[in-house]
Amino acid sequence: MSTGDAAGLLEGELGSEGRAPSDLVTEDVWLAFLRFGRRRFAVADAPDADGLLFQYGTYAFDGPPTFTLDLTRQFEICDGDGDHDHYVQVHCELGYGIVPALEALGSFDSWFFHDAGDDLDEWARGLTERADWRRIRGLRPAGIRVYQEQV
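Thresholds, definitions, all that
- Here the residue numbering is sequential within each chain, running from 1 through the sequence in written order.
- Where local features are concerned, this predicted model is filtered to residues with pLDDT of at least 70; where side-chain atom pairs are given and counted, the filter is 80 or more; whole-chain, interface and lining totals use all residues.
- Side-chain figures throughout are based on the complete set of non-hydrogen atoms in the structure, without hydrogens or water.
- The working definition used for a salt bridge is a side-chain nitrogen of Lys or Arg within 4 Å of a carboxyl oxygen of Asp or Glu.
- Each helix corresponds to a stretch of at least 4 residues labelled H or I by DSSP, and each strand to a stretch of at least 2 residues labelled E; elements are numbered beginning at the N terminus.
- Throughout, exposure labels follow a simple rule: accessible area from a 1.4 Å probe, protein chains only, divided by the maximum for the residue type, with under 20% read as buried, over 50% as exposed, and the rest as partly exposed.
- Note on definitions: a residue-residue contact is assigned when non-hydrogen atoms from the two residues lie within 4.5 Å.
- For the purposes of these results, a polar contact is taken to be a pair of N or O atoms within 3.5 Å, where, inside protein, one atom must be able to donate a hydrogen and its partner to accept one; residues adjacent in sequence count only when each atom of the pair is a side-chain atom.
- Two rings belonging to Phe, Tyr or Trp (six-membered ring only in the last case) form a pair when the distance between their centres is within 6.5 Å. Interplanar angles under 30 degrees mark stacking, angles over 60 mark edge-to-face geometry, and anything in between is tilted.
- Distance and angle both matter: a charge sits over a ring if NZ of Lys or CZ of Arg is within 6 Å of the ring centre and within 35 degrees of the ring normal.
- By the convention used here, strands pair only if DSSP detects at least 2 bridges between them.
- The convention used is that axes are lines fitted to C-alpha atoms, helices contributing only their stretch in contact, and that angles between N-to-C directions extend from 0 to 180 degrees.

Right, let's talk about the pattern of salt bridges for a bit. Note on pairing: side chains with opposite charge can pair once their charged atoms come close. Evaluation of the coordinates by the stated rule reveals nine salt bridges. Among the salt bridges present, the one from Glu-13 reaches Arg-35, with a minimum N-O distance of 2.7 Å. Taken together, the residues Glu-13 in helix 1 (residues 6–14) and Arg-35 in helix 2 (residues 26–38) connect sequence positions 22 residues apart. Note on Glu-13: relative accessible area 9%, which makes it buried. The partner of Arg-137 in a salt bridge is Glu-27, with the nearest N and O atoms 2.8 Å apart. Taken together, the residues Arg-137 in the loop between helix 5 (131–136) and strand 5 (143–150) and Glu-27 in helix 2 connect sequence positions 110 residues apart. Under the relative-accessibility criterion, Arg-137 is labelled partly exposed at 35%. Salt bridges sharing partners connect three or more residues here, namely Glu-13, Arg-35 and Arg-39.

Structure representation (structure tokens):
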């Protein structure tokens, strides 16, 4: 698959259960992201060319501070000579507003890379066994935003 189709494929996974995004809880979005993360794309032949990022924290990107869980897939894009040119990132941002219990979690991030010898299911299991996951898994985000950017 082409990385140009990635954001649309992620949106398709979010809607695959036939539910509106406003009906999804954090765990529903996470499971959709993992289904998306298992799909393979045409990327450079390098161990870090296709990665998944799980990160959260309280940020004020486009307005007042809000606790945000950002599930990101990053693809390395190479030029005609096979050298690194840029990255494409597909984000699924879940915003929760100001929730003191979530703000108290601070910030956290964890990467997984296909073809680096790690197991996707083990990475996901490690994240969902964390105490912070138990706090956020059943929450309904105030908003979900999917977008793709070049970095």
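With respect to the secondary-structure elements, Tyr-96 resides in the loop between strand 3 (84–95) and helix 3 (100–103). Overall, the relative accessible area of 8% leaves Tyr-96 in the buried class. Taking the C-alpha atoms as reference points, Tyr-96 and His-86, 10 residues apart in sequence, are found 31 Å from one another. Those residues in contact with Tyr-96 that sit more than four places away from it in its chain are Thr-26, Thr-66, Phe-67, Leu-69, Leu-102, Leu-139, Arg-140, Pro-141 and Ala-142. Among the polar contacts listed, one links the side chain of Tyr-96 to the side chain of Thr-26, at a separation of 2.6 Å.

With that settled, consider the packing of aromatic side chains. Overall, the coordinates contain 15 aromatic pairs when judged by the stated rule. Considering the side-chain rings of Tyr-56 and Phe-67, the 5.5 Å spacing of their centres and the 40 degrees angle between planes classify their relative orientation as tilted. With Tyr-56 in strand 1 (residues 50–59) and Phe-67 in strand 2 (residues 66–78), this pair connects stretches of sequence that are 11 residues apart. By the burial criterion, Tyr-56 is buried, and Phe-67 matches it. Note on Trp-111 and Phe-113: the rings are 5.2 Å apart at their centroids and 5 degrees apart in plane angle, and the pair reads as stacked. Trp-111 gets classed as partly exposed once you look at its relative accessible area, which sits at 33%. One residue, Arg-130, lies across the ring of Phe-108, its end atom 3.7 Å from the ring centre.

Moving on to the sheet that holds strand 2. Strands sit in the order 4-1-2-3-5 across an open sheet of five strands; the sheet is antiparallel. Two strands bound the open sheet, and with one partner strand each, they are strand 4 (108–113) and strand 5. Taken over all neighbouring pairs, the strand axes of this sheet differ in orientation by 15 degrees on average, direction set aside. Judged from the eight bridges that link them, strand 3 and strand 5 form a sheet pairing that is antiparallel. Residue pairing across strands places His-91 opposite Tyr-147, the latter belonging to strand 5. This element, helix 1, spans strand 2, strand 3 and strand 5 of the sheet and lies at about 160 degrees to strand 5. Of the strands in this sheet, strand 1 and strand 4 touch helix 4 (residues 120–128), which is tilted by about 170 degrees from strand 4.

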